[in-house]
Structure formats: structure tokens, C-alpha cells
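What follows is the residue order along each chain.
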Amino acid sequence: MTTKAGTTVPTPSAARRPAPWVRTRLRATPLAALLTAALAFVTVFMAAAIPRITDRSADSALRDFVRHLGVTSTSLLATAQPNLSDTATDLDTVQQKLTAEIGRNLTLSQSGQLYGTRTKTSRGMLNTGYAKLSDNRAPQLDLMYVHGFTDRVTLVDGAWPSPADEGAPLPIVISQKAAETIGVKLGDVIDNGSEVTGPVRSRVVGLYRVNNPDDPSWEDAGCPARACLDGGGAELGWKTTGLIDGGSLPGLVRWGKNVQNFWRLPIDPGVLRADQLAQTRSTVGSYLSGSGATGLARQTNRVDLRVSSLLPEAFTRATARYEASAPLAAIGPAGVAGVAVVVLCLAAALTADRRTAEIRLLQARGGSRGGVLLRLLGEGVATVLPAAALGAALALVLLPTPRWGDAVLAALVATLLAVLAFPARAAVLLTPPKAVAGWRRLVGELAFLAVTAAAVAEVRRRGAAPAGAGLDPLVVAAPLLLAVTGGLLLARVQPVVVGWLAALAGRGRGLIGFLGLARASRDTSGRRRPSALPLLALVIAVTTTGFGATVLDTVDTVRLRAARIATGGDVSVSVPIYATLPETFTTAAAQLPGVRASTGVWVENGASLISAEQESVSAILVVAEPKAYAEIARTFGMGEFDPALLAGAPGGPDTPVPALFSTGLSKQLAAGPPRLRTPNGGQLRTTVAGIVAGTPALPDPGKPFMVVPAGPAAERLPELKRTNKWLSVGDVDPEQVRGLVLERGLTAAEGLAKLIRDEAVAAGKGSHGLPPGYTVRSSREAAAVLAADPLQHSAVQMFWYAGAAGAGFALLAVLLTLVRAAPERAALLARLRTMGLRPRQGLALIVTETLPQALAAAVGGGLVAVAAVWLLGPAFNLSALVGADIGDALTPALLPVLLPTTGLALVVCLAVMLETAVTGRRQISAELRAGDQR
């Protein structure tokens, strides 16, 4: 409307509407809103990332574990009896049907696929002039048709085999190396014996060379690349595999005694998933014996088709190892979740303290409790939701994995906590205080204590979860429950103890200690009950990290001991049956750097003990120098004995030699000194000097053993003055020992021993540059092999990732605590400076105020971690974590708990000093403002 003077009068519709509450509040405190969004982003990102990291690690570990088993152990092998009418095309058709049918449920790998027809029983190569290792055994020949073999081998001489004519010798090709070893010539007609139908022969039409002997396709395919040693003792001889043309399959059926069609289908380890392992195992099982096997027989029209595989066994081993390491991998994330919840609550408390006056003013001016909380909830939604969505999306994009349900659920829970934490705290502020609030807290803490006690008792009652039971949630939750209980207990005890210390400090002359301790026993409002949240966050971080670190430290210690027992010391040397370690080697080896004790021993596996009643008992004989051998036994706690027991005096052949007998061996012999008989017929009278359960030279003897002193035994029986094993303890470099073996420890191999050695070299059985049969074992290397399990490594890696995240959140809790008290502390320092407080005294005051909480959290968390190890130790399967069967239980250790405890105390003190230094730079005039109510 317009007046006569032209003035416009505002109408009700033109009146300005009030600005939205959420937008106004966010614009008023942009820094606080930004920090809240940042905290929500980090928390939700971690909540979504940890499940995905766990999934990725588990999948990668499973694939590595299965891949290292080799093609034979990770394949489905289909077999069927061949028919005279079978052709290579028929085999191709079956291969295609098998691949199509199995490939619908399992992803197959092209590498390592092999199919064809092979003989399961060898035939002799009876031609005169062929190489024989014994008169009882002629060279043996296997024959095989392999689809596409011309692509895997190169023809060196002659021609490729052609289809066989009925009644004519079967055309074959063999490897050039095998022909040279056995003495086969191109064009030879090999006499393979005879059957009822007549003589069985084959004709060598070509010689080939395998392109890649390490090609996984040749696994479990006989000896196509060379001649191999077969049999043993008097039956030792050569054996090789020849190849035929696909058109000779009927001739191969007539030639062989036991012929088999086969199709090997390796699965692709790169697509295995840990969460689908049970389903994959069930699918493989159905093809072995079930509906899948029936379907394959029907599809291929081969009623006798049988499928076998080692995959179920491999999956069972993988499942057992995964389940053993799963609690360790889950404890870290559980600790992170606990610390993150505390941090969110602490941030909400900080915001509530900052806005207490504002919230109470809104209520005083007529705002309803529900209306105020809805506005605060709107602030949280506008601030937290975008940041949470961004954090969750970033975790899903940066850490791709097929599973997303757990990550999204964890992100939703974290988002809900971040949104509701501040309104929940504000609801407490808006609720009138009640006199029974203290009793409610006490009842809640007692209830939590009861739940923790029940969980720990149940875990101790059940012990380690049986195989196949899956992840035990109580084993994962129990350390966290103990940490929370310990934190709540410390929150009760700390103010009382610090108050006593403040009273003691008040009796002294200085005021800094008294004032700092007095402030430490109260919160920022001066009440005698400081917030338990900061202490709780620190205790959870220390307890979970210390508990997991103790598990890892115990596993490493026990694994090294198991490796020592398996090695026979820290470094041991064994030689083949034809060799002897010369004295020059044992003398030089004893002088290597790091050798604390060493000795050469003679181990005879074919000895026997004869009692007075002529009863004979097989036993393993160990001949060793008593003092050094006793030191080795004492070092790793196996078969310890007093060397004086074996101090035998010189004497004649009939003078008994003192001996250590294995447990139960002496009971098998009748009364009277038993006699030792060696395989060469030598005899030695012995007497029982002691009983031991084990001995270093025989980590797993498998049958009774005895230990005799080297000097007296060699005097009475010179054949025992030999050495085929060297044992040592100390920080010994195994590479130096290997070099010394090559330099001074080798014995020339001749005759059959040389053939065995050359065969092992061809098979790639030598290691570290040593000839086959010569073995240098190291406990450190053995422990590293045990620790190389991908599934266990994944769990350890996940634990340390979670430990780092938990430490980060704990540090954030410390910073939030400092920020919460920073304004009041800055004002206090400013006022005290007007009274003459020096800067160094101000720093000492702040450190004295903050240090009790850090020390209480560090010491308390360490004690709770030790208690958790003691209480929950029986629930962890150390054998599966170590990689060897052991009888050890999880026991508390100081160092693994001390490291996170000390690290926490140092981080907190550093953060306090840094915050105090920043606070001290503020001007006194900025803090002492007129009308300041702090």
C-alpha cells in the first residue's frame, strides 16, 4: 500500500522470514562445523575401509596359499577307461564338455591343463645293451598321448610318430636325454615283453627335447624330459616316458597293461574368495561324489568317469589356518571400533561443554526439549551426512572387493553414532539432575563387570574353538570387554589416588605439584569426578595392542623354538649315506663366528639292542661328544642331561659304555647290560646311564634311540669313529657353513651314489649350491618358512593396520581432551602469570596435571593386557599360528606390552607439551578480559 506522500508501508506478506536455524548456526561457527565433518569423514572412512581391507587381505592370502601348492594339488582330475574305438577327437570332445560343465561353477585356468591317454603300469625295455643299474630290473617305459604335445616339445632327430598299423610295433618318440642315458638309438625296436596275443613292441621314430621342463603341464606326467631313477635297493633302475600319436590310441590300449584316459582341469586360484571357500569346497565335492559327478558322467556319456582332486584337503588346510589367525586379525579392528566410539562421545562432550550456556538459554526462552534436540539433530545431519557419504564412497572406490555389505553396515553404524552423539549428550544436559544418578552409573558399571566376567569364564571353559567352528565372537570381544572394564575401574580409582598424592604434595613448600595434582583429580568444572572417556580410549588402545602384540611375540618365540628342535640346533649339517664329514670340516666349523657350542655326531638308523635273553630291539644310535652335545641339548631344552653321566672310562671290548636311553627303551630289555649291534655286525656292551625323552640329533626319531659317548665307543668299536651330522648353537650364519661344506665337507660320490646325485641334480633337488643329500639347515630359515604362510601373514598385517588406526584415534582422544580444557587452562596460566608464575613453571603445572591420566592409562592398560593374556591364553590355537604342532600355551610377556605402554606415555606427554607451548604464546591481555566468567 502507498500513502499520499508516496511512502510505502510494508504489508505482512512483505515481512522478512527468520533465517533457518541450521544455516545460521553453521555460519556462526564454521571451524567447529568443519572439524565435526572431518571427524565424521575419518571415522566413517575407517569403519568402511577395515572390512574391505580384511576381505582383500583374506582373498589375497587364500589365492597365494593355493597357488603355491602347485597344479597337481589344485586340479580336478577326471579319468575313464579307454575303448579301442577311442580317438583323439573323442578326447577333445570330452575335454570341451568337462570344461563347459565344470566351468559353469568353477573358474578354470588354461595354464596346466593336460589331457590324453597314458599307461599306469610300466613295461620293461628288454633289449640287450640297454643300461641297467641292477641285474634284477630292466629300464622301464611308460607311454602317453598328450593333446598338443608337439607344441610342448621340439623334435631333435627323426620324425613325429604316426598312427600305428595293427600288429606292427607302436611308433613312439622319447626324449634325447633319456635315450642317451639308457642307450636307446633312433629306429630301435624295443622289446616290451609279451602277452597272450604275442610280443609287445615299440619303435623309436624320433627324439625330442622338452621346451620347458618346469612347465606346470608336465606335473605328475611321468618322466617325459629325461630318464628317472625308479625303485630302490636291488630293484633300482631307469624309467622314462614316451609319447605317441593320437591315431595310435587303439594300439596303446593293446600295448599297455593298465591304460587310462585322463583330463586334468586346474582351477584358477586368482578368483578364489575367502568368504565363498565353503561353497567352493562343496562344489568341488559334488564333482567328486555327488550330483556333479553324475552330471559329468551323463554329459560326457562316460559311465565310468571318475573325478578326483586334492582340492578339498587344500581347502581344509586353508580353512584351519584362516580360522586360527582370524581372532588375531579381528582383535585389532574391535579395538579400533571401541576407541572410535569413545572419541565420538568425547567430541560430543566437548561440543556440549562449549554450547551448554546456549542450550540452556534456548530452553529458558521457551524452547521445548524435543524442539531443541530436533534443531541440534538437524545441525548434525547437515554436517555429518555429506562427510560420511564421502568417506564411505571413498573407501568403496579405493578398496575394491566383491563384498560390500559389511562395509556399508559399518559405515551406517558409524554415521549414526556421529549424528546422534551430540544430541544424546545435549539430552542429558536438558534433563534435570537426579540424586540417584550416581547409583545408576555404579549399577551400570557392575552390570558391565558381570558381563565381562561371564564372557571370560565362558572362553576359559570352552578353550580353543574346534576346527570348522568359525570365528568365535567371544574370543574377539573378551579383550575389548576387559579393556573397557579396566578403564572404568581406573576412572574410579585414579581421582582418589591422585587426590591422595595432591594432599601429600600440599604438605611441601612448592605449589606447582599440589596445584597440578589437585586439578588432575577434578574435571574442568571442578567436580571430583573427571570424565572417564579419555582414560577409556587410552586403555582400550593399549590393551588391545598389547594383547595382540603378546600373541605375535609368543608365536615368534615358540616358532623359533620349534624350528630349533626340527633343525637340531641353530645350524646343522647332514650328509648322504655314502658320505662322511671330515674332521677338518668339524674343526673349521667350530671356529666360525657366532658358534657357541658345536659337535659332530654319527647317527646310525639300523642299530639294534640285544638283551641278556637275546631279545632284539631296533634302535637309532647317536654317537656324540658328551660336553658339547649336552650344551646343545640344554640350549633349546630337549633331552637335557649331565655330561658326567657319559664320562666312560677307557677299557677293553667287554667294558660297558654308559649310554642315554630313550623313554621306555630300557623297559623293553630284560635285566642285565644290553649289547649294541651295528648293521656291520659290530657289537658294543652298554649300560643305562640315564633316560631322556628326546635328543637334538633326532628331533622326531619315530623309534627308540640311544646316545653313547664318542671317545669310549670308538675305542671299543672303531667303525663308530665317523661323522655324518654336525650340530651347533649360537648366532651362526648358514651361508658361511654352506661355503665351508663346499670347501672342506664334500665327499666324492662314485658308482651308484654318483648316479643318485646326478639324478637329484636333474630333478632340481639340490639346494643352495650344495650337491643332493648335503643339507645345511638353519633354525632362522626354518622359522621364516613357517612364518611365510600367506593366511597368517595377512592376519598379522591386518592387526598392525588396526593397531596403527587405534593409536591414531587414541591420540585424537588426547588432543580432544586438551582442546576441551584449553580455554580454562589458558585463563589459569594467564592469571597465574600476573602473580609471578614463570613459563617453565606453567609448563610443569600442565605436565603435572596431565601426566597422571597418561600414566594411569599406560600402566592400567598394560596390566589389563597382561591379565587378558593370562585369562584368554588357552583360547588361542598357537599350533596353527606357529605352523607346527606344539604344546605351548599363550603366556604373558613384558616387552610386547611395554612397547605400546611406553609409546602411549611419550605421545601423550609430547602432545601436552606442544599444546602448552602453543597456549603459552597467547597474550595475558587476551585472556584477562573484563567480565570473563571462566
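Structural notes, computed from the coordinates. Only a predicted model underlies this, so the values are computations on that prediction, with no experimental measurement involved. (Residues numbered from 1 in each chain as written. Predicted model: local features only at pLDDT ≥ 70, side-chain atom pairs only at ≥ 80, totals over all residues. Heavy atoms only, no water.)

1. Some thoughts on the side chain of Arg52
Here Arg52 lies in helix 2 (residues 30-67). It is Asp55 that comes nearest to the buried, bridge-free Arg52 among opposite-charge side chains, at 6.3 Å. Here the side chain of Arg52 touches Thr401 through a polar contact of 3.4 Å, landing on its backbone oxygen. Discounting chain neighbours no more than four positions away, the residues touching Arg52 are Ala395, Leu396, Leu399, Pro400, Thr401, Arg403, Trp404 and Ala407. (Helix = DSSP H or I, 4+ residues; strand = E, 2+ residues; numbered from the N terminus. Buried < 20%, exposed > 50% of the residue type's maximum accessible area, 1.4 Å probe, protein only. Lys, Arg positive; Asp, Glu negative; His and termini not counted. Salt bridge = Lys/Arg side-chain N within 4 Å of Asp/Glu carboxyl O. Polar contact = N/O pair within 3.5 Å; in protein donor to acceptor, adjacent residues only side chain to side chain. Contact = heavy atoms within 4.5 Å.)

2. Things to note about the packing of aromatic side chains
Applying the stated criterion across every chain yields a total of five aromatic pairs. Judged by centre distance (6.2 Å) and plane angle (15 degrees), the ring pair of Phe41 and Phe45 falls under stacked. Here Phe41 pairs with Phe45, and both are found in helix 2, just four residues apart, close to one helical turn. Centroid distance Phe585 to Trp726: 5.9 Å. Interplanar angle 75 degrees. Geometry classified as edge-to-face. Of this pair, Phe585 sits in helix 16 (residues 583-590) while Trp726 is found in strand 20 (residues 725-730), placing the two residues 141 residues apart along the sequence. For the cation-ring pair, Arg123 lies above Trp255, with the distance from its terminal atom to the ring centre recorded as 5.8 Å. (Phe/Tyr/Trp six-rings, centres within 6.5 Å; stacked < 30°, edge-to-face > 60°. Lys NZ or Arg CZ within 6 Å of the ring centre and 35° of its normal.)

3. Focus: a nonpolar patch on the surface
A cluster of nonpolar side chains, contributed by Leu489, Val493, Val496, Val497, Trp500, Leu501 and Leu504, occupies part of the molecular surface with about 660 Å² of accessible area. Inspection of the secondary structure puts Leu501 in helix 13 (residues 473-506). (Patch = residues over 30% accessible without salt bridge, like charges linked within 9 Å, V, L, I, M, F, W, Y side chains within 5 Å. Areas by Shrake-Rupley, 256 points an atom, 1.4 Å probe, with all protein chains shown as cover.)

4. Focus: the pattern of salt bridges
As enumerated under the stated definition, the model contains 18 salt bridges in all. The salt bridge partner of Arg137 is Asp230, with a shortest N-O separation of 2.2 Å. Highlighted residues: Arg137 in the loop between strand 3 (123-124) and strand 4 (140-146) and Asp230 in strand 9 (residues 228-230), separated in sequence by 93 residues. What makes Arg137 buried here is its relative accessible area of 16%. On the basis of relative accessibility, which here comes to 25%, the residue Asp230 falls in the partly exposed class. Notably, a salt bridge pairs Arg273 with Asp275, separated by 3.0 Å at the nearest N-O pair.

So yeah, pure geometry; function would need other evidence.
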